[in-house]
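Observations on the model geometry
Residues per chain, in single letters:
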Amino acid sequence: MIAPDAKPRLPRGVRLTHNTAHGGWVLLAPERLFKADTIAAEILKRCTGELTFAAIVDDLAKTFTAPRERISADAANLLNGLIEKKLLEL
Amino acid sequence: MTAMADTWALAAPIGLLAELTHRCPLGCPYCSNPLALEGREDELDTATWKRVFNEAAQLGVMQVHLSGGEPGVRRDLVEITASARAAGLYTNLITSAVGITTRTMRELWEAGLDHVQVSIQDSDAVSSDHIAGYRGAFQRKHALASEVVRLGLPLTINAVVHRANITRIGEMVDLAIALKAKRIEIAHVQYYGWALKNRAALMPTRDQVDHAIAQLEDLRRVHRGRIVIDAVLPDYYARFPKPCVGGWGRRSLNVTPSGRVLPCHAAESIPGLEFWNVRNHSLGEIWTSSPAFNAFRGTAFLPEPCASCERRETDFGGCRCQAFALTGDARATDPVCHLSPHHGLVVELTAFLEDKPYSYRRM
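Fair warning: this is a prediction, and the values are worked out from it, not measured in the lab.

Quick notes on the overall build of chain A
Tallying secondary structure elements over chain A gives 3 helices and 3 strands in all. Taken from N to C terminus, the helices and strands of chain A fall in the order β-β-β-α-α-α. For chain A, whose C-alpha radius of gyration is 13 Å, the value lies close to the compact-globule estimate of 12 Å for 90 residues. Projected onto the principal axes, the alpha-carbon positions of chain A cover approximately 35 × 25 × 20 Å. The buried share of chain A, taken over its 90 residues, is 28%. Nonlocal contacts in chain A, meaning residues at least 24 apart in sequence, comprise 51% of its contacts between residues at least 6 apart.

Laid out in structure tokens, this is it:
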């Protein structure tokens, strides 16, 4: 789980970018890259270190008119995977 | 060479390996540079690299690996890095740490560098300097790695593994953790160029490799969440070949110091290939039309047993350079594959190990 007041951020060396030739959003990281689907990209765009996890989930729930619990679970799942790979900090 | 791209959809490349120079103060006997090294007088200038990076970004390339030789010997390294970043590329510096001062590292940080990979030769200082053929190299790696971390840049330690250090993989991971690296690459030597020349002195035994692979799982479990451990496994003892560079002319390009564009860093070892140069062609033209890139694209050129193998779109018949080096035919199935009619050559080679002095890589 991720604490509601934690402020997730992409550290130096991890960048979200849009690449037309490869048809979408890509998370660039040390010697690897990950294709990000629309939902993942929307979550990662908000990981600037300024918003709390709770605020990110609220914003996504509002923007996409989706159940808050489900968004919270999906976002935590994505972010925890990145934390383990050292690609996200809290 | 006949173009083989007819039945195969050409995708955009992802990565570009920029070999800024072949000059290097170290003499590692497994260096991946070719035996015939290119001299300083033939190196591309700053403006040409800048153009190459812009063309690469237009082509779809996302990551550039600034490598060598030792990229730190280029006096324009900071400017080159800034131009790659300005082109929108993710910039990765691959260095031995010898030749890059802490001041240059600060300037690289300001130029927007994204990631630094520092190679280590061993966890033990004496052995490390012996393998590098350079006294004092080990100490300099510590100094640069700590500056990288202080600046907040992500650090990867690249540990090249062979017979002289394969028993110290655990210690090398400990060293990487002590240096505050986020990631370590355990890279077993691949036998091309200088490494092939030194193969008998470098190659570990089968037992050592099996033990190292088992140990990797333990290390990943023990250090989970602390450091990411990636591994490049040795292919001589594998059952199937590696999908070299993710398939010939499929994902990446390699630009040599003098501007020749290769599908992989060892491609010049295959005779008869026509490489184009960024001095005469745009990178886009080279990617789509250079004879060398089209020589082994797709799988149509592959003979049996690959032609009817269900793995042919997975490993593309393995490595063309290795097929040529061992069988004399670059179209052959990589003899590392246990299904190759030439697999006996690999078995024969691995039976011959000899402790003799290294033939150091020198210009």
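Examining the pairing of strand 8 (residues 252-255) of chain B
Residue and element names in this part refer to chain B. Going residue by residue along strand 8, you find Ser252 and Asn254 tucked away on one face and Leu253 and Val255 tucked away on the opposite face as well. Note: strand 8 against strand 9 (residues 261-262), 2 bridges, orientation antiparallel. Bridge pairing in strand 9 places valine 255 opposite valine 261. Here strand 8 folds back onto strand 9, and the loop between the two strands holds 5 residues, one of which, glycine 259, carries a positive phi near 100°.

Side note on the pairing of strand 4 (residues 115-120) of chain B
All names here are of chain B. Of all the 6 residues making up strand 4, 6 are buried; the element is thus mostly covered by neighbouring parts of the structure. Neither face of strand 4 is open: one carries His115, Gln117 and Ser119, the other Val116, Val118 and Ile120, and all of them are buried. Both strand 3 (residues 90-95) and strand 4 contribute to a ladder of 4 bridges, which runs parallel. Directly across from isoleucine 94, in strand 4, lies its bridge partner glutamine 117. For the crossover that starts at strand 3, traverses helix 3 (residues 102-110) and ends in the parallel strand 4, the hand is right-handed. Where strand 4 lies against strand 5 (residues 155-161), 5 bridges are found, and the strand directions are parallel. Paired with valine 118 across the two strands is isoleucine 157, which belongs to strand 5.

Conventions adopted
Residues numbered from 1 in each chain as written. Chains lettered and ligands numbered in written order. Predicted model: local features only at pLDDT ≥ 70, side-chain atom pairs only at ≥ 80, totals over all residues. Helix = DSSP H or I, 4+ residues; strand = E, 2+ residues; numbered from the N terminus. Rg over C-alpha atoms; globule rule 2.2 N^0.38 Å. Buried ≥ 20, exposed ≤ 12 C-beta atoms within 10 Å, placed from the backbone. Contact = placed C-beta atoms within 7 Å. Pairing = 2+ DSSP bridges. Right-handed = clockwise from strand over helix to strand, strands pointing away.

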